[in-house]
Amino acid sequence: MDIYVPPNVAAESALLEDYLRRKLKGNHRNFTDFRVDRRSIDARKTPVRMRLRIELFYNQKAPRETIQRTYLQVNNAPEVAIIGMGPAGLYTALSLLELGIRPVLFERGKTVRDRRRDLVRITRNEGVNPDSNYCFGEGGAGTYSDGKLYTRSKKRGDIQYAMETLVYHGADPDILVDAHPHIGTNKLPGIIENMRNTIVQYGGEVNFNARVTDLIVENGQLKGIKLGGEVRSFERVVLATGHSARDIFEMLHAGNVSLEFKPFALGVRIEHDQRVVDRVQYHCEVRDEFLPPASYKLVHQTHDRGVYSFCMCPGGVIAPCATADGEVVTNGWSPSKRNNPFANSGIVTEIRWEDIPEFHHHGPLAGIAFQSAVEQACCEIAGGTQFAPAQRVLDFVEGKDSPSLPECSYRPGIKPARLDQVLPLFVVKALQQGLRDFGGKMNGFLSNNALVVAPESRTSCPVRIPRDPESLQHPEVAGLFPCGEGAGYAGGIISAAMDGEKIARKCHEQMRATGLV
Ligand SMILES: Cc1cc2nc3c(=O)[nH]c(=O)nc-3n(C[C@H](O)[C@H](O)[C@H](O)COP(=O)(O)OP(=O)(O)OC[C@H]3O[C@@H](n4cnc5c(N)ncnc54)[C@H](O)[C@@H]3O)c2cc1C
């Protein structure tokens, strides 16, 4: 049964029960218990209401479903190596435990706790550790994020399984009910730690500060990996190193392991006062205290090129996501309460092979070379540190200087700059048109009280590591399983997690066929 209720009623169980008893007719009122199975915001009209899917129970309590996982003790089981402990690598490992295979994980970065010190150093402008930053370290790129858990994937069963695994490891069960669930930067690290504890408890191996530098391949069969001078032998390796592991792409390319260019997205991060977004989305002067800070999703088609908002973080902060000194990269995060005063989002446009002819000599790595060039130009124009170049939104659209800038959440800080001098012209034109259109859709969006900060360049991976559709292994390297976002098969936490599960099942299938398990 779907009902529409005021936000305060949706927020409090006693009020909701009272509401149901008053509104329901006849015998329906005599329920003994109820459960909310789905929760979303209906902001189409004023006043904004919550839409709830309610299940009623008669003569019984609502069943409490506990999530079960059957992890097996794998200390002496056959092994699979996993490179990278982002969602793809972690979910591969957890699924292997269920299948009786021992995961051996290698992560170039530090534990989720130790990683924090390096993030603080970045925000203090004390330099970027190339192995420990917003993209690298336990938990991967999504650890210090908004933790939005939406995916465009349609595989409901797999999505549910991935979400339940988060709840099993400590996420709020509300993520299984909310239409747009998110976890928040403050809560994700604890969940990641719990996942690692599961892996270790059941006999898996976890190695930090363990940057894989090469693969050992003999006659098209994977034989092992190199960590600097150290060699470890494995017949199966899951490569889940994410979209920022440029050294991995270069290593594969240098070793003649084929890669493909993949279209990707690039643009800017925009930041508004959260109240501007609340006002438009909730049609009010002040947001109801029981409504969450509002979000938006915008799309515009300019000629043949799309411009769209990406990874919107209500009540969030713009994050410095470079993986090396000499480059600037932005992204965004929010705490679980999304209670910062700003709303930020990527505003990006698609970059295709034909857009970047001057980078074609880099072959399949052309997109990376283009990304790097933009990131370096942004760093240079803002002074060569982790300060980011920024402009007022209307000034950017009208091609004018912004001599001063409003307050911004990005740390270490921003410098006024003409973004049309650091972004390619076709990107600038597309973004300007898109922002004009968004200004028509959302009052206050196109305003000099808002900022654009550049660049938003790591929204998606510019490379695909090919894999055979049946065996999910690299067509030229038996035993190499490219996985997750860096391999080009996912975009976001949940889709990377689902790809990890898929790869684990495929490893198991293959090992069973050869009598190993
Ligand atoms: C600030 C920020 C906010 C984000 N917000 C969201 C969000 O709200 N929702 C969402 O769905 N997505 C979000 N994303 C994107 C999301 O994080 C990624 O899509 C997801 O993490 C991809 O998972 P992955 O496991 O494929 O790769 P990654 O998470 O990138 O993990 C790759 C791992 O491999 C390790 N590694 C790399 N090279 C090596 C090597 N040579 N040896 C050993 N280890 C190596 C890295 O250190 C890293 O831990 C955000 C990303 C960022 C940066």
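Because the structure is predicted, anything quoted here is derived from the model rather than measured.

### Concerning the overall build of the protein chain
From N to C terminus, the protein chain includes 13 helices and 22 strands. Relative to the 2.2 N^0.38 estimate, which gives 24 Å for 517 residues, the radius of gyration of the protein chain is 24 Å and therefore close to what a compact globule would have. In terms of overall dimensions, the protein chain has C-alpha extents of about 70 × 65 × 40 Å along its principal axes. Counting only residues that meet the buried cut, the protein chain has 56% of its 517 residues in that class.

### Quick word on a positive patch on the surface
Together, Lys23, Lys25, Arg29 and Arg49 make up a positively charged patch on the protein surface. With respect to the element layout, arginine 29 can be found in the loop between helix 2 (13–23) and strand 2 (33–42).

### Observations concerning the domain arrangement of the protein chain
For the protein chain, the assigned domains read domain 1 (2–57), domain 2 (79–259 + 465–513) and domain 3 (265–456). Here the C-alpha centroids of domain 1 and domain 3 sit 38 Å apart. The interface of domain 1 with domain 3 comprises ten residues on the first partner and seven residues on the second. Note on domain 1 versus domain 3: buried area summed over both sides is about 650 Å², and carbon and sulfur give 75% of it. Contact with domain 3 buries surface across domain 1, with Pro7, Ile41 and Val48 losing the most and accounting together for 49% of the total. The interface formed by domain 1 and domain 3 includes zero salt bridges. Summed over the shared surface of domain 1 and domain 3, the result is one residue pair in polar contact (both at pLDDT 80 or more).

### As for the site of the ligand
The ligand sits among 37 residues. The nearest are Glu107, Ala141, Gly142, Glu485 and Ile493. At 2.9 Å, a backbone N or O of glycine 137 approaches an oxygen atom of the ligand. Against a free-state accessible area of 1000 Å², the protein chains account for coverage of 96% of the ligand. Along the lines of polarity and charge, the residues of the shell around the ligand split into 18 nonpolar, 13 polar and six charged. Residue assignment places the shell around the ligand across two domains, with domain 2 (79–259 + 465–513) and domain 3 (265–456) each supplying three or more.

### Considering the sheet that holds strand 1 (residues 2–5)
The strand order 1-3-2 describes an open sheet built from three strands, whose pairing is antiparallel. Looking at strand neighbours, the two that pair on one side only are strand 1 and strand 2, the edges of this open sheet. The sheet shows a mean angle of 30° between the axes of neighbouring strands, direction not considered. Two elements, strand 2 and strand 3 (residues 49–57), share nine bridges in a ladder whose sense is antiparallel. Note on strand 3: the bridge partner recorded for serine 40 is arginine 51. Across the face of the sheet, helix 2 comes into contact with strand 1, strand 2 and strand 3 while running at roughly 115° to strand 1.

### Comments concerning the sheet that holds strand 5 (residues 102–106)
One open sheet accounts for five strands, arranged 6-5-4-10-22; its pairing is parallel. Since the sheet does not close on itself, it has two edges, and those belong to strand 6 (205–207) and strand 22 (480–482), each with one partner. Going across the sheet, the axis of each strand differs from the next one's by a mean of 20°, ignoring polarity. Bridge count between strand 5 and strand 6: three bridges; the pairing is parallel. Following the sheet pairing, leucine 105 is matched in strand 6 by valine 206.

### Notes on the environment of glutamate 17
Looking at the secondary structure, you find glutamate 17 in helix 2. Along the chain, glutamate 17 and phenylalanine 34 lie 17 residues apart, while their C-alpha atoms are 7.9 Å from each other. With near-sequence residues (within four places) excluded, glutamate 17 lies in contact with Phe31 and Phe34.

### Some remarks on the packing of aromatic side chains
Across all of its chains, the model carries twelve aromatic pairs by this definition. Grouping aromatic residues by their ring pairs yields a cluster made of Phe261, Phe264, Trp353, Phe359, Phe370 and Phe426. Above the ring of phenylalanine 387, the side-chain terminus of lysine 415 is found at 4.9 Å from the ring centroid. In this structure, arginine 467 is placed above the aromatic ring of tyrosine 489, and the distance from its NZ or CZ to the ring centre is 3.7 Å.

### Side note on helix 11 (residues 425–441)
Here helix 11 contains 17 residues, and its C-alpha end-to-end distance of 24 Å stays within 8% of the 24 Å for a straight helix at 1.5 Å per residue. Buried residues belonging to helix 11 abut strand 12 (264–273), strand 13 (299–302), strand 14 (305–313), strand 17 (342–351) and helix 10 (393–398).

### Some thoughts on the pairing of strand 7 (residues 214–218)
In the sheet, strand 7 pairs with strand 8 (residues 221–227) via five bridges, with the strands oriented antiparallel. Bridge pairing in strand 8 links valine 217 to leucine 222. Linking strand 7 to strand 8, which pair antiparallel, is a turn of two residues; within it asparagine 219 sits at a positive phi near 50°.

### What to know about the side chain of threonine 349
If you trace the backbone, threonine 349 turns up in strand 17. Residue classification places threonine 349 among the buried residues on the basis of a relative accessible area of 0%. Within the local environment of threonine 349, its side chain forms a polar contact with the backbone oxygen of glycine 306, the two atoms lying 2.8 Å apart. The contacts of threonine 349, once residues within four sequence positions are left out, are Phe264, Ala265, Leu266, Arg305, Gly306, Val307, Val427, Ala430 and Leu431.

### Some remarks on the pattern of salt bridges
All told, the structure shown has 43 salt bridges when counted by the stated rule. A salt bridge links glutamate 398 to lysine 400; the shortest N-O distance between them is 2.9 Å. Here glutamate 398 falls in the partly exposed class, since its relative accessible area comes to 44%. The class of lysine 400 is partly exposed, set by a relative accessible area of 43%. What emerges from the salt-bridge pattern is a single network uniting Arg35, Asp37, Glu55 and Glu65.

### Concerning unusual backbone geometry
Omega for the peptide link from threonine 46 to proline 47 comes to -10°, which places this bond in the cis form. Summarising the element assignment, proline 47 is placed in the loop between strand 2 and strand 3. Here alanine 454 and proline 455 are connected by a cis peptide whose omega angle stands at -5°. Counting through the fold element by element, proline 455 comes out in strand 20 (residues 451–456). For asparagine 219, which is not glycine, the phi torsion reads 50° and is therefore positive. Along the polypeptide, asparagine 219 turns up in the loop between strand 7 and strand 8. Positioned with a positive phi, arginine 338 is a non-glycine residue whose angle comes to about 50°.

The rules behind the values
Position numbers for residues count from 1 along each chain, tracking the sequence in the order it is written. In keeping with the predicted nature of the model, local features appear solely for residues at pLDDT of at least 70, side-chain atom pairs appear and are counted solely at 80 or more, and the whole-chain, interface and lining totals rest on all residues. Hydrogens and water are ignored here; the side-chain numbers use all heavy atoms of the structure. A run of H or I in DSSP counts as a helix once it spans at least four residues, and a run of E counts as a strand once it spans at least two, with each numbered from the N terminus. It is over C-alpha atoms that the radius of gyration is taken, and the globule rule equals 2.2 Å times the number of residues to the power 0.38. The buried label applies to any residue whose accessible area, calculated with a 1.4 Å probe on protein chains only, is under 20% of its type's maximum; exposed applies above 50%, and partly exposed to all values in between. Residues form patches when they are more than 30% accessible in relative terms and have no salt bridge. Like charges link within 9 Å. Nonpolar side chains (Val, Leu, Ile, Met, Phe, Trp, Tyr) link within 5 Å. Calculation of accessible area relied on Shrake-Rupley with a 1.4 Å probe; when residues are assessed, cover is drawn exclusively from the protein chains displayed. Put simply, a salt bridge is a Lys or Arg side-chain nitrogen that is within 4 Å of an Asp or Glu carboxyl oxygen. The convention is simple: Lys and Arg are positive, Asp and Glu are negative, and His and the chain ends are not counted. Throughout, a charge is located at the NZ atom of Lys, the CZ atom of Arg, the CG atom of Asp or the CD atom of Glu. Domains are outlined according to an automatic or database domain assignment. Contacts are residue-level and defined by heavy atoms, with any inter-residue pair within 4.5 Å sufficient. Once two parts are brought into contact, the accessible area they lose, counted with a 1.4 Å probe and summed over both, makes up the buried area. Any pair of nitrogen or oxygen atoms within 3.5 Å is treated as a polar contact; in protein, a donor-acceptor pairing is required on top of that, and neighbouring residues in sequence qualify only through side-chain atoms on both sides. Throughout this document, a residue counts as near a molecule or strand when at least one of its heavy atoms sits within 4 Å of that molecule or strand. Under this grouping Gly is polar, as are all residues other than the nonpolar Ala, Val, Leu, Ile, Met, Phe, Trp, Tyr, Cys and Pro and the charged Asp, Glu, Lys and Arg. Two strands are counted as paired when DSSP detects at least two bridges linking them. Here, axes are lines fitted to C-alpha atoms. For helices the fit covers the stretch in contact, and angles between N-to-C directions go from 0 to 180 degrees. Centres within 6.5 Å are what make two rings of Phe, Tyr or Trp a pair, Trp counting through its six-membered ring; a difference in plane orientation under 30 degrees is then read as stacked, over 60 as edge-to-face, and the rest as tilted. Ring-over charges, as used throughout, are those where CZ of Arg or NZ of Lys falls within 6 Å of the ring centre and within 35 degrees of the ring normal. One less than the number of residues in a helix, times 1.5 Å, gives the span that helix is expected to have.

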